[in-house]
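The residues making up each chain are set out below.
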Amino acid sequence: MSLSINFFLDWSEYFEAQEFFRQSRYNIVPEKVIGGVLMTLSALWFFLDDLSLFAAIGLVAGMIIVLGTPHLRRWASMRKWKREPLYQREHAVSFSEEGVYFLMGHVESNLDWKYYQQVLESPDGFLLIYGKDAFNLFPKRAFPSEDMITAFRALATSKLNENT
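Residues numbered from 1 in each chain as written. Predicted model: local features only at pLDDT ≥ 70, side-chain atom pairs only at ≥ 80, totals over all residues. Heavy atoms only, no water.

**Description of a nonpolar patch on the surface**
Where nonpolar side chains cluster on the molecular surface, the patch consists of Ile28, Val33, Ile34, Val37, Leu41, Leu44 and Leu48 and spans about 700 Å² of accessible area. Tracing the backbone through its elements, the reader meets Val33 in helix H2 (residues 30-48). Its relative accessible area of 41% is what places Val33 among the partly exposed residues. (Patch = residues over 30% accessible without salt bridge, like charges linked within 9 Å, V, L, I, M, F, W, Y side chains within 5 Å. Areas by Shrake-Rupley, 256 points an atom, 1.4 Å probe, with all protein chains shown as cover. Salt bridge = Lys/Arg side-chain N within 4 Å of Asp/Glu carboxyl O. Helix = DSSP H or I, 4+ residues; strand = E, 2+ residues; numbered from the N terminus. Buried < 20%, exposed > 50% of the residue type's maximum accessible area, 1.4 Å probe, protein only.)

Here you go:
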């Protein structure tokens, strides 16, 4: 059995997949922990030390970390996307019992299922994880039917469960 899909990725689609992957790895994302701790300690210091200016600066810095980091990641992702022309190429991908075959522009690869560690399913696609922070994204919109999505899900799950 072989399943084939063709698609172009949009940078915001890939960014959403990165954020989904990030959230799947952490119960609470690091910037919320760091910013929250900084804000809490600064608020305590602010009220316990007669409204200290340094504590107020710490409180503002914590808020910037919590609120600004996602925007900074989004901006960095867009910049990376624009600098890498391969991301904007058509992705032709085939899945079989043996592995995953890619053709993106002039880059061709044929990867065994053992290359991947796990499959994650988001509302919009599948992420085949192959490293600490690395994955391939296959949007569900690229699959021509719900039956093909189900077939891919079964294939990827069976192959990646064999690897563990």
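**Quick notes on the sheet that holds strand E7 (residues 135-139)**
Within the open sheet, the three strands sit side by side as E5-E6-E7. Their pairing is antiparallel. Taken across any chain shown, the strands that pair with only one partner, and hence form the sheet edges, are strand E5 (118-121) and E7. Strand-to-strand, the axes of this sheet are offset by a mean angle of 20°, without reference to chain direction. Here E5 runs beside strand E6 (residues 125-129); their pairing, made up of four bridges, is antiparallel. (Pairing = 2+ DSSP bridges. Axes fitted to C-alpha atoms, helices over the stretch in contact; angles between N-to-C directions.)

**A word on the packing of aromatic side chains**
How two aromatic rings sit relative to each other is given by the distance of their centres and the angle of their planes. The tally for this structure, following the rule as stated, stands at 19 aromatic pairs. Taking 5.0 Å as the distance between ring centres and 85° as the angle between the ring planes, the aromatic pair formed by Phe95 and Phe138 counts as edge-to-face. On the criterion of sequence distance, the pair formed by Phe95 in strand E2 (residues 91-96) and Phe138 in strand E7 is long-range, its members being 43 residues apart. Each member of the pair, Phe95 as well as Phe138, carries the same accessibility label: buried. Ring geometry for Phe143 versus Phe152: centroids 5.4 Å apart, planes at 40°, classification tilted. The residue whose ring lies beneath Lys140 is Phe126, and the NZ or CZ to ring-centre distance is 5.6 Å. (Phe/Tyr/Trp six-rings, centres within 6.5 Å; stacked < 30°, edge-to-face > 60°. Lys NZ or Arg CZ within 6 Å of the ring centre and 35° of its normal.)

**Some remarks on the pattern of salt bridges**
Under the criterion given, the structure shown has nine salt bridges. Notably, a salt bridge pairs Glu121 with Arg153, separated by 2.8 Å at the nearest N-O pair. Taken together, the residues Glu121 in strand E5 and Arg153 in helix H4 (residues 146-163) connect sequence positions 32 residues apart. The exposure class of Glu121 is partly exposed, given its relative accessible area of 32%. Overlapping salt bridges, with partners in common, bring together Glu19, Arg22, Glu31 and Arg73 in one network.

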